[in-house]
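What the coordinates show
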Amino acid sequence: MITKEATAPAPAPARADHEPPRPARKRRPAWDEVPRWQIYLPLGIYLVFTLVPFYWILLFALRPAGSTSLVPWPMTFDHFEKVWTDRSFGTFFQNSVYVGLATLLMTTLVALAGGYALARFDFKVKRVFMLGLLCSQFVPGALLLVPLFEIFAELQMINSLGSVILAETVFQLPLSIILISNFIKNVPYSLEEAAWVDGCGRFRAFRIVVLPLLRPGLIAVGSFAFVHSWNHFLFALMFLNNQSKQTIPVGLNSLMSADSVDLGALAAGGIIAAVPVVIVFAFIQKWLITGFSAGAVKG
């Protein structure tokens with residue numbers, strides 16, 4: 001009688017060389033475990049380098065002429081009154097506001113139309129057009145001065161705020177179209193299709209469904225266009241000859257002469273120029289970050 005013996009599995013042969021146990025990998029400290037001084041020290045240094053120039057400007061703008069005190073006391077607003085009335089900064093401020101708002105409006109409208117076309121339609125030269133928009137960002141604005149001056153001279157637009165508005169709009173459009181296009185791509189196309197099924201036309205579906213979702217992107221593009229046109233110096237200097245047509249950057253440049261510089265008036269003018277930009281960014285910072293981040297996700 002043949003019996004089958006139960007065979008147990010053979011034990012694995014012991015390894016001759018015994019590897020030492022690997023040391024445990026050191027765990028990286030979490031954010032809340034980092035010593036506070038490693039966070040606050042770099043931030044404090046950065047804050048000092050950022051705020052000291054602003055304090056220096058406030059010091060020159062608020063202390064009396066000829067004073068060497070490091071504290072603006074007694075405080076005076078004579079420098080602000082001087083630049084606003086005697087140096088025509090009130091007129092410069094109005095011109096800058098007009099140029100900034102007009103540039104914002106034109107850039108936003110044209111970029112919205114161009115961005116929608118790039119995001120929703122396919123055409124033969126689409127990639128070439130996008131490449132042209134990207135390459136235009138490598139062209140400095142100084143190279144455009146001579147051809148733009150010739151064009152505006154033929155159109156009799158020299159010494160007109162319209163020439164600065166058109167130049168600023170053209171200069172801002174490539175980046176604005178790219179941002180709006182990428183932002184529209186993040187809006188599902190099915191939302192527009194559902195609106196079409198419900199009886200809406202393309203324009204009405206865009207106005208009702210897509211446009212409300214583009215608010216962060218539009219605010220980002222509009223604010224960027226406004227701030228750039230507010231601070232831009234070359235176009236206003238080149239195309240505006242009459243003092244009554246000049247803007248804030250050209251007005252600041254007029255405060256400096258070859259013989260002397262009125263530091264108090266220059267500091268006061270710099271504060272006047274900076275206040276609107278600071279107010280704009282204080283109110284739209286949340287929308288600005290959301291708009292630029294969402295517009296850069298999809299290409």
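Residues numbered from 1 in each chain as written. Predicted model: local features only at pLDDT ≥ 70, side-chain atom pairs only at ≥ 80, totals over all residues. Heavy atoms only, no water.

With respect to the confidence of the model for the protein chain
Scored by pLDDT, the protein chain has a mean of 80; 84% of the residues are at 70 or more. Per-residue pLDDT, averaged within each element of the protein chain, yields its smallest value for helix α12 (residues 263–295) (76) and its largest for helix α3 (residues 89–120) (90). Counting interchain partners and residues more than four positions distant, the pLDDT-below-50 stretch residues 1–6 has zero contacts. Segment residues 295–299: pLDDT under 50, and nine contacts once partners within four positions in sequence are set aside and those in other chains are kept. (pLDDT = per-residue confidence, 0-100. Helix = DSSP H or I, 4+ residues; strand = E, 2+ residues; numbered from the N terminus. Contact = heavy atoms within 4.5 Å.)

Quick notes on the side chain of Thr103
Mapped onto the fold, Thr103 is located in helix α3. We classify Thr103 as buried; its relative accessible area is 0%. Excluding residues within four positions of it along the chain, Thr103 makes contact with Ile165, Glu168, Thr169, Ala225 and Ser229. (Buried < 20%, exposed > 50% of the residue type's maximum accessible area, 1.4 Å probe, protein only.)

Considering helix α6 (residues 161–185)
Spanning 25 residues, α6 covers 35 Å between terminal C-alpha atoms, matching the ideal 36 Å at 1.5 Å per step. If you look at α6, its biggest bend is around 45 degrees, right at Leu173, and the proline Pro174 turns up within four residues after that. (Expected span 1.5 Å × (residues − 1). Bend = angle between axes of the 7 residues up to and from the residue.)

Overview of the nonpolar core
With 20 residues, the main nonpolar core has Leu112, Leu133, Ile177, Ile180, Ile184, Phe206 and Leu214 as its most contacted residues. At the level of secondary structure, the elements contributing two or more residues to this core comprise α3, α4 (126–136), α6, α8 (202–210) and α9 (215–231). With seven residues, α6 is the single largest residue contributor to this core. Among residues more than four places away in sequence, those in contact with Ile180 are Ala111, Leu112, Gly115, Gly217, Leu218 and Val221. Grouped together as the second largest cluster of nonpolar side chains are 19 residues, Ala61, Leu62, Leu252 and Ile272 included. (Core = buried A, V, L, I, M, F, W, Y, C linked by side-chain atoms within 4.5 Å.)

Points about unusual backbone geometry
The phi dihedral of Ser88 falls on the positive side, at around 65 degrees, and the residue is not glycine. Among the secondary structure elements, Ser88 is positioned in the loop between α2 (78–86) and α3. Although it is not a glycine, Asn159 sits at a positive phi angle of roughly 65 degrees. The topology assignment puts Asn159 in the loop between α5 (145–154) and α6.

Re the side chain of Ser229
One can find Ser229 in helix α9. Classification of Ser229 by relative accessible area gives buried; the value is 8%. Within the structure, the side chain of Ser229 is placed 3.0 Å from the backbone oxygen of Ala225, a separation counted as a polar contact. A polar contact of 2.9 Å, which involves the side chain of Ser229, links it to the backbone oxygen of Phe226. Beyond its immediate chain neighbours, meaning those up to four positions away, Ser229 contacts Val99, Gly100, Thr103 and Glu168. (Polar contact = N/O pair within 3.5 Å; in protein donor to acceptor, adjacent residues only side chain to side chain.)

Structural notes on the packing of aromatic side chains
Taken as a whole and judged by the stated rule, the model has twelve aromatic pairs. Look at Tyr116 and Phe206: their rings are 4.9 Å apart centre to centre, the planes differ by 70 degrees, and that puts the pair in the edge-to-face class. Taken as a pair, Tyr116 in helix α3 and Phe206 in helix α8 lie far apart in primary sequence, 90 residues in all. The pair formed by Tyr116 and Phe206 is uniform in burial state, with each residue classed as buried. Feature note: the residues Trp84, Phe93, Phe226 and Trp230 constitute an aromatic cluster, connected by ring pairs. The aromatic ring of Phe60 is capped on one face by Arg63, whose charged end is 4.6 Å from the ring centroid. (Phe/Tyr/Trp six-rings, centres within 6.5 Å; stacked < 30°, edge-to-face > 60°. Lys NZ or Arg CZ within 6 Å of the ring centre and 35° of its normal.)

Some points on the packing of α4 against α6
Closest axis-to-axis distance for the α4/α6 pair is 8 Å, and the angle between their directions is 130 degrees. It follows that α4 is oblique to α6 by the angle criterion. Here α4 runs over α6; the crossing is left-handed. Across the interface between the two elements, Met130, Leu133, Leu134 and Ser136 from α4 touch Pro174, Ile177 and Ile178 from α6. (Axes fitted to C-alpha atoms, helices over the stretch in contact; angles between N-to-C directions. Parallel < 35°, antiparallel > 145°, perpendicular 65-115°, else oblique. Left-handed = near helix turned anticlockwise from the far one by under 90°.)

Describing helix α1 (residues 36–62)
Structurally, the α-helix is built with 3.6 residues per turn, so residues lying three or four positions apart point the same way. Helix length check: α1, at 27 residues, gives a terminal C-alpha distance of 36 Å against a target of 39 Å (1.5 Å per residue), a fit within 8%. The largest bend along α1 measures about 25 degrees and falls at Leu51, with the proline Pro53 one to four residues further on. Taken residue by residue, α1 has Ile39, Leu59, Ala61 and Leu62 as its buried positions.

Observations concerning the environment of Trp56
With respect to the helices and strands, the residue Trp56 is situated in helix α1. Residues Trp56 and Ala267, 211 residues apart in the sequence, show an inter-C-alpha distance of 8.7 Å.

Some points on the environment of Leu118
With respect to the helices and strands, the residue Leu118 is situated in helix α3. Residues Leu118 and Phe129 lie eleven residues apart in sequence; the distance between their C-alpha atoms is 9.2 Å.

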